[in-house]
Amino acid sequence: MSETLGDFEWILIDTETTGLRQPIFVIDLAAQRMCGWRPVGEPIQFMVNHGVNIPNEISRKFGYTREILERDGYPPLDVYEHFREYVGHRSICAYNLKFDWDNVLINEWERLGIAEIGTRGFCLYELTRRLVDPVPAGNCKLQTLRQFYRLPERRAHTALGDVLTVVDLIDRVLLPLALDRGLVDQKSIASYLNVEWYPRRLSFGRFKGRDFKDAINDKSLHEWLTWLSASKNPMTKSMGRWYLAQLASVDLDENISAIAVSAIDSQDPAKSVDNTRRGIIVYQNPSLAQLRKVVAAARERLADLEVIYSRDLNKTQVVQARLFVLLKDDYQILDELRLRRDTLEEIVASLFIIEEQLLDQISFDYEYAKEQISREYESASHKAEGVKEFPEEQQGELKELFRKLIRIFHPDRVFYDDDKKKSYTVITQLIIEARDAGDLASLREIADDYRGYLSKHGLSIDEAAGEDTEDQLSRIYMSLQSRIIEIIDKIDSLRLTKDYELAVLCARRPNHIIEVASKRRVDLVEECSRLRGEIAALTEEIFQATGEYPPLGGTD
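Thresholds, definitions, all that
- Residues numbered from 1 in each chain as written.
- Predicted model: local features only at pLDDT ≥ 70, side-chain atom pairs only at ≥ 80, totals over all residues.
- Heavy atoms only, no water.
- Helix = DSSP H or I, 4+ residues; strand = E, 2+ residues; numbered from the N terminus.
- Buried < 20%, exposed > 50% of the residue type's maximum accessible area, 1.4 Å probe, protein only.
- Contact = heavy atoms within 4.5 Å.
- Areas by Shrake-Rupley, 256 points an atom, 1.4 Å probe, with all protein chains shown as cover.
- Axes fitted to C-alpha atoms, helices over the stretch in contact; angles between N-to-C directions.
- Parallel < 35°, antiparallel > 145°, perpendicular 65-115°, else oblique.
- Nonpolar A, V, L, I, M, F, W, Y, C, P; charged D, E, K, R; others polar.
- Pairing = 2+ DSSP bridges.
- Phe/Tyr/Trp six-rings, centres within 6.5 Å; stacked < 30°, edge-to-face > 60°.
- Lys NZ or Arg CZ within 6 Å of the ring centre and 35° of its normal.
- Core = buried A, V, L, I, M, F, W, Y, C linked by side-chain atoms within 4.5 Å.
- Polar contact = N/O pair within 3.5 Å; in protein donor to acceptor, adjacent residues only side chain to side chain.
- Salt bridge = Lys/Arg side-chain N within 4 Å of Asp/Glu carboxyl O.
- Left-handed = near helix turned anticlockwise from the far one by under 90°.
- Expected span 1.5 Å × (residues − 1).
- Bend = angle between axes of the 7 residues up to and from the residue.
- pLDDT = per-residue confidence, 0-100.

## Comments concerning the overall build of the protein
Phase 1: Across its full length, the protein holds 20 helices and 6 strands.
Phase 2: In the protein, buried positions account for 46% of the 556 residues.
Phase 3: Excluding contacts between residues fewer than 6 apart, the proportion of contacts in the protein whose partners are at least 24 apart in sequence is 69%.
Phase 4: Surface summary for the protein: the accessible area is close to 29,000 Å², and the carbon and sulfur share equals 50%.

This is the structure we're talking about:
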């Protein structure tokens, strides 16, 4: 092992559990031996069977059920015997050490009556927060960083997948930053983490999200930090004093202190943009040429993410459209029955004050709402039938055309001119709409003759983009990073939905959608039956009170 990387041995672990409240049981445990900042040997992973029920939300998230764990899991005592042999006397580290070690493993070992395994190490999450501060990805959630730094796809929310993602994060991102600070052994890491520190971007209060260094030129922010330093709360008082002390030593000529995007290949400039889309490089007062490269890389990254989001959204929408077509009639019947039930409840509530004119109005409103439901379902059916899945062969061309066009027309190219920015925003929206619709013809037309395409839509642009100064490029870069963070959040949010989960399952098993539709139809039929019972009871109540049936037809 190279001395520059250190030769200290430690264990990187992750756990997936039955929840966040005690008693917490480990259902998935993975570990990777590390020497310095490099993995050594193969990782281990165990599914653990404690014979306990698994909450539904955990089963949905991790895919584990009590039946699966009883079939494929190992008894906890056997798991920890193997784990002890793997760990030895090494320290155990995790991306969320406070949870994995303090809340989970220590309590589990005590519950099982076994001695602690290894020793408590350092927290990779806390180390990451400090090394990449200010966090360009917006937050240090592991999957957000994986997306932001283009780390390999692993099985998210599995112990082994998360361990391997942390290894990737160390290799691509943390390693150069750690070595730059001389973190080559446990002692130096512990000293680094024990020094008082607060994030560069304020995490709370009226200036939440602001860079504390803005206080150099922002009097109100400086006054707020001064007020913070005089707080009666020891923690906020310490924080305020720390920020003020840092301000006293700020380099006013600093431009961008760290651009966490990539390493640029100085030996082969032709590869610069491609390399800039991977890994990181830290710049102190970057040059104009370097800024142009990272801005170009950020545009490429944004385009990649936009295509990923569009692809995932399309897959989700396609499955939802197919499911809607299969169940459209059932849902329409359900909505009409609900409307009927609600209308009858309105009549019952007005039995002793009802007038003929009011009853006529209720009847009219019911018929109108029923027709509206029919029109809406007809429209939704037409729209669902128009949702098409992008063929695999189109994905590559969509991606490349979108990249090319977004580089030319992104509004951030002309951030300095509000009028130009409006035009660029309109053009970009047309490009995004064409991409989302899989409209290759329009994208090809724009790429082949964008002046003609814009003219056809009554648009024109001044192609002179003002990227001449370091300040302009720095502002463009920061704006692009904000958009990158936004789209990563959108991707993550989409992938946490049940609709996306269903799309993934249907991609693996095409007939799964038929099974889902059949199960949902059973539930819909039961709900419709319950509503018909309520309708019959309400109808009879109205008849007994008035001697007439309500003017809404029968009970179906």
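## Observations regarding the packing of helix H19 (residues 498-508) against helix H20 (residues 512-546)
Phase 1: Where H19 contacts H20, the axes come no closer than 8 Å and their chain directions differ by 130°. The orientation of H19 relative to H20 falls into the category oblique. Taken together, the residues of H20 that come into contact with H19 (itself represented by Leu502, Leu505 and Cys506) are His512, Ile513, Val516 and Arg520.
Phase 2: Of the residues belonging to the contact of H19 with H20, the class tally is 5 nonpolar, 1 polar and 1 charged.

## Points about the pairing of strand S1 (residues 9-17)
Phase 1: The buried count for S1 comes to 8 of 9 residues, which makes it a mostly enclosed element.
Phase 2: The pairing of S1 with strand S2 (residues 26-35) spans 9 bridges and is antiparallel. Bridge assignment links glutamate 16 to a residue of S2, and that residue is aspartate 28.
Phase 3: In terms of strand pairing, S1 meets strand S5 (residues 91-94) through 4 bridges, oriented parallel. For leucine 12, the partnering residue across the bridge sits in S5 and is cysteine 93.

## Here we look at the packing of aromatic side chains
Phase 1: Scanning the model with the defined rule gives 19 aromatic pairs in all.
Phase 2: Both rings, one in tyrosine 80 and one in phenylalanine 83, keep their centres 6.4 Å apart while their planes meet at 75°; by these two values the pair is edge-to-face. Taken as a pair, tyrosine 80 and phenylalanine 83 lie in helix H3 (residues 76-87) at a separation of 3 residues, close to a single helical turn. Neither residue differs from the other here; tyrosine 80 and phenylalanine 83 are each classed as buried.
Phase 3: Geometrically, the ring pair formed by phenylalanine 543 and tyrosine 549 is stacked, given 4.5 Å between the ring centres and 15° between the ring planes.
Phase 4: Looking at phenylalanine 543, the relative accessible area reads 28%, which means it is partly exposed.
Phase 5: An aromatic cluster is defined as three or more aromatic residues linked by ring pairs; in this entry it consists of Phe8, Trp10, Trp37 and Phe122.
Phase 6: Over the aromatic face of tyrosine 86 sits the side chain of arginine 33, whose NZ or CZ is 4.3 Å from the ring centroid.
Phase 7: Sitting above the plane of the tyrosine 368 ring, arginine 375 keeps its charged end 5.8 Å from the centroid.

## A word on the nonpolar core
Phase 1: Grouped together as the largest cluster of nonpolar side chains are 52 residues, with contacts concentrated most on Trp10, Trp37, Phe122, Leu124, Leu127 and Leu169.
Phase 2: At the level of elements, S1, S2, helix H5 (124-131), helix H6 (142-148), helix H7 (159-180), helix H8 (186-194), helix H12 (288-349) and helix H18 (470-495) are the ones that each hand at least two residues to this core.
Phase 3: In terms of residue count, the dominant contributor to this core is H7 (11 residues).
Phase 4: Among residues more than four places away in sequence, those in contact with tryptophan 10 are Gln32, Arg33, Met34, Gly36, Trp37, Arg90, Ser91, Cys93, Phe122, Leu124, Ile170 and Gln186.
Phase 5: Membership of the second largest hydrophobic core comes to 30 residues, among which are Phe324, Leu351, Leu502 and Ala517.

## Focus: unusual backbone geometry
Phase 1: Look at the link from glutamine 22 to proline 23: it is a cis peptide, with omega at -5°.
Phase 2: Considering the arrangement of structural elements, one finds proline 23 in the loop between S1 and S2.
Phase 3: Even without being glycine, arginine 150 reaches a positive phi, approximately 55°.
Phase 4: By the element assignment, arginine 150 lies in the loop between H6 and H7.

## Thoughts on the environment of arginine 509
Phase 1: Relative to the helices and strands, arginine 509 is located in the loop between H19 and H20.
Phase 2: At 2.9 Å, the side chain of arginine 509 forms a polar contact with the side chain of glutamate 515.

## Let's talk about the pattern of salt bridges
Phase 1: Enumeration over the complete set of coordinates arrives at 24 salt bridges.
Phase 2: Measuring nitrogen to oxygen at the nearest pair gives 3.1 Å for the salt bridge that ties arginine 210 to aspartate 214.
Phase 3: Looking at aspartate 214, the relative accessible area reads 32%, which means it is partly exposed.
Phase 4: Of the charged contacts, one joins aspartate 335 and arginine 338 as a salt bridge, the two residues approaching to 3.8 Å between their closest N and O atoms. Here the residue aspartate 335 and the residue arginine 338 both occupy positions in helix H12, the gap between them amounting to 3 residues, near one helical turn.
Phase 5: On the basis of relative accessible area, aspartate 335 is assigned to the partly exposed category, the value being 25%.

## Describing the packing of H12 against H20
Phase 1: Relative to each other, H12 and H20 sit at 10°, their axes nearing to 9 Å. In this view, H12 runs roughly parallel relative to H20, as classed from their interaxial angle. Like other packed secondary-structure pairs, H12 and H20 cross with a definite hand, here left-handed.
Phase 2: Here the residues of the contact of H12 with H20 are counted per class, giving 21 nonpolar, 1 polar and 12 charged.

## A look at the environment of aspartate 335
Phase 1: Residues aspartate 335 and lysine 370, spaced 35 residues apart in sequence, show a C-alpha to C-alpha distance of 8.9 Å.
Phase 2: Leaving out residues up to four positions away in the same chain, aspartate 335 has contacts with Ile373 and Tyr377.

## A few points about the side chain of threonine 165
Phase 1: Within the element layout of this structure, threonine 165 appears in helix H7.
Phase 2: Given a relative accessible area of 1%, threonine 165 falls into the buried group.
Phase 3: Contacts of threonine 165, omitting those with residues within four sequence positions, involve Leu142, Arg146, Leu151 and Arg154.

## Some details on H20
Phase 1: In this model H20 runs 51 Å from its N-terminal to its C-terminal C-alpha over 35 residues, within 8% of the 51 Å that 1.5 Å per residue would give.
Phase 2: Residues of H20 that are buried include every one of His512, Ile513, Val516, Ala517, Leu524, Cys528, Leu531, Ile535, Leu538, Thr539 and Ile542, and no others.
Phase 3: In this structure, the buried side of H20 is in contact with H12 and H19.

## Focus: helix H4 (residues 97-112)
Phase 1: A maximum bend of about 30° is found in H4 at leucine 105.
Phase 2: Taken together, the buried positions of H4 are Leu97, Phe99, Asp100, Trp101, Val104, Leu105, Glu108 and Trp109.
Phase 3: Those residues of H4 that are buried are in contact with S1, S2, H3, S5 and strand S6 (119-123).
Phase 4: Glycine 113 occupies a position one or two residues after H4 and carries a positive phi of about 75°.

## Examining the confidence of the model for the protein
Phase 1: Per-residue confidence for the protein averages 80 on the pLDDT scale, and 84% of its residues sit at or above 70.
Phase 2: Here helix H11 (residues 272-276) stands out as the least confident element of the protein, with mean pLDDT 39; S5 is the most confident, with 96.

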